[in-house]
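In case you want the letters, here they are:
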Amino acid sequence: MTDGPGLRLCQVVLDCTDARALAEFYRALLGLVYRPGDEPPAAGEPDERGRDWLVLRTAEGVPQLAFQQVDRLPEATWPEGVVPQQLHLDLTVPSVAELDRQHERVLALGGRLLRDRSDDPDEPLRVYADPAGHPFCVFVA
């Protein structure tokens, strides 16, 4: 085969038991926007899309993350327990000062610290769980 693969990554999909809540976490954390039609409904209106499938994109319209509603999902217990992380997102910042600033944001948005290696001289990082329990890393690159 001499041709390229003909495939490109469209988005990463996260299963979750509350698609709207998880989408809102990552929307706020990463500054993404909803795909047209996926925005939260007006107050008091039913959230039909939020009970099934939501997509977040960059401001330029490039898909990034999608959220698929499931009835139940065992939370990853990694690194200490028997349920592996299966997938995680790597997010980068340019400095330790920015790592510390983002730490406060992650916690304020509902993330939970799993591991702190912010003092690692080679690769300062922190590992978090999002509100649904999916691990993700923020590290200096």
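Rules of the game
- Residues numbered from 1 in each chain as written.
- Predicted model: local features only at pLDDT ≥ 70, side-chain atom pairs only at ≥ 80, totals over all residues.
- Heavy atoms only, no water.
- Helix = DSSP H or I, 4+ residues; strand = E, 2+ residues; numbered from the N terminus.
- Buried < 20%, exposed > 50% of the residue type's maximum accessible area, 1.4 Å probe, protein only.
- Polar contact = N/O pair within 3.5 Å; in protein donor to acceptor, adjacent residues only side chain to side chain.
- Contact = heavy atoms within 4.5 Å.

**Quick word on the side chain of Arg126**
Position of Arg126 relative to the elements: it lies in strand E7 (residues 125–129). Given the relative accessible area of 7%, Arg126 is considered buried. Among the polar contacts listed, one links the side chain of Arg126 to the backbone oxygen of Leu99, at a separation of 3.4 Å. Only 3.1 Å separates the side chain of Arg126 from the side chain of Asp100, close enough to count as a polar contact. What Arg126 contacts, discounting residues up to four positions off in sequence, is Leu99, Asp100, His103, Leu113, Arg115, Asp116, Ser118, Phe136, Cys137 and Val138.

**A look at the environment of Leu107**
With respect to the element layout, Leu107 can be found in helix H2 (residues 96–109). Judged by its relative accessible area of 34%, Leu107 is partly exposed. Put simply, Leu107 and Pro124 are 17 residues apart on the chain and 18 Å apart in space, counted from C-alpha to C-alpha. Excluding its chain neighbours within four sequence positions, the residues that come into contact with Leu107 are Arg112, Leu113 and Tyr128.

It is worth stressing that arrangement in space is one thing and function is another; only the former is reported here.
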